[in-house]
Amino acid sequence: MRRLGQLLVGMTLFFVAISVVADPPEAGATDTSVGTEAELKAALTDLSSDVNGPHLVTLTADITLTTGHAVYSGTQDLTIDGNGYSVSGNNASRVLYFPILDGVTVTLQNIIVEDGKSPSGSGGYGGGIAVNAFGADGGDLVVINSIVRNNVSTGNDGGGICVPYEGCLLYT
């Protein structure tokens, strides 16, 4: 019986070791944790020019935007994991803006995007989240286990989410 116990412990350790070795982090991946408006905006700005990806931004607190929307315009895939926290546009600005091109995917997971308001004029779309490549084929947006609420558009398109120009939206 003792040998069987040792064998089971040995096999368990073996499989744990294999799973750790078999799933290493991707080369060049960038992980950042943010808990304030300034940290979120700085992280997205910095990652927009970082060609080594994919990128992961994890929220550590609720964030209320007071100086306009947060922007990511990079060429690498980006995941924002809200960890159950929210990002609010404070009923004054769009929350998240992604001017990304075809081939780039932004994934939002476990996040609440709320109280966004799109800008007036020709940019009046996507009060909560806007994906736009300025007429070119746009990138894709994946929204997983998230809530998009209380967002308004000053134009005609997408109070909560707007993904025009051949982009793709997957909301699960």
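Here is a short report on the structure shown in this document. (Residues numbered from 1 in each chain as written. Predicted model: local features only at pLDDT ≥ 70, side-chain atom pairs only at ≥ 80, totals over all residues. Heavy atoms only, no water.)

Focus: helix H2 (residues 37-48)
For the record, the criterion: Think of it this way: any DSSP run of H or I at least four residues long counts as a helix, any run of E at least two long counts as a strand, and we number them from the N terminus. Working rule for helices: expected span equals 1.5 Å times residues minus one. Burial classes: relative accessible area under 20% of the type maximum marks a residue as buried, over 50% as exposed, and values in between as partly exposed (1.4 Å probe, protein chains only). In this description, the arc belongs to the directions extending from the helix axis to the C-beta atoms. Two residues form a contact once any of their heavy atoms are found within 4.5 Å.
With 12 residues, H2 extends 17 Å between its outermost C-alpha atoms, agreeing within 8% with the 16 Å of an ideal straight helix rising 1.5 Å per residue. Considered for burial, the residues of H2 that qualify are Glu-37, Leu-40, Lys-41, Ala-43, Leu-44, Leu-47 and Ser-48. For H2, the angular spread of the buried residues around the axis is 160 degrees, confining them to a single face. Opposite the buried face of H2, by more than 90 degrees, sit the exposed residues Ala-38, Thr-45 and Asp-46. Looking at the packing, one finds that the buried side of H2 touches strand S1 (30-34), strand S2 (55-59), strand S3 (63-64), strand S4 (70-71), strand S5 (78-81) and strand S6 (86-88).

Considering the sheet that holds strand S8 (residues 105-109)
For clarity, the cut-off: A pair of strands counts as paired when DSSP detects no fewer than two bridges linking them. Angles shown run from 0 to 180 degrees and are taken between the N-to-C directions of axes, each axis being a line fitted to C-alpha atoms and, for helices, limited to the stretch in contact.
An order of S1-S2-S5-S8-S11-S14 is seen for the 6 strands of this open sheet, with the pairing classed as parallel. Each edge of the open sheet carries a strand with a single partner, namely S1 and strand S14 (169-171). Taking the axes of each pair of neighbouring strands and ignoring which way they run, one obtains an average angle of 10 degrees across the sheet. Pairing of S5 with S8 involves 4 bridges; the strand directions are parallel.

As for the pattern of salt bridges
Rules: Throughout this description, the term salt bridge denotes a Lys or Arg side-chain nitrogen within 4 Å of a carboxyl oxygen of Asp or Glu.
Summed over the entire model, instances satisfying the criterion amount to 2 salt bridges. Between Arg-149 and Glu-114 there is a salt bridge; the shortest N-O distance is 2.9 Å. Residue Arg-149 is found in strand S12 (residues 147-149), and its partner Glu-114 is found in strand S9 (residues 112-114); the two are separated by 35 residues along the sequence.

Here's the deal with the packing of aromatic side chains
A ring pair, where both rings are aromatic, is described by two values, the distance of the centres and the angle of the planes. Stated formally: Any pair of Phe, Tyr and Trp rings, taking the six-membered ring for Trp, is counted once the centres come within 6.5 Å. Such a pair is stacked with planes under 30 degrees apart, edge-to-face with planes over 60 apart, and tilted for the rest. Note on criteria: charge over ring means Lys NZ or Arg CZ within 6 Å of the ring centre, with the direction from the centre no more than 35 degrees off the ring normal.
Taken as a whole and assessed by the stated rule, the structure comprises 0 aromatic pairs. The ring of Tyr-125 is capped by Arg-94, whose NZ or CZ atom sits 5.0 Å from the centre of that ring.

Considerations on the side chain of Thr-58
Tracing the backbone through its elements, the reader meets Thr-58 in strand S2. Those residues within four positions of Thr-58 in sequence are excluded, and the remaining contacts are Thr-32, Ser-33, Val-34, Asp-81 and Asn-83.

Considerations on unusual backbone geometry
Between Gly-53 and the following residue, Pro-54, the backbone shows a cis peptide bond with an omega angle of 10 degrees. Within the secondary structure layout, Pro-54 lies in the loop between H2 and S2. Positive phi is not limited to glycine here, since Asn-83 has a value of about 60 degrees. A positive phi is found at Asn-90, a non-glycine position, where the angle reads about 60 degrees. As for its placement among the helices and strands, Asn-90 is situated in the loop between S6 and strand S7 (96-98). Under the relative-accessibility criterion, Asn-90 is labelled partly exposed at 41%.

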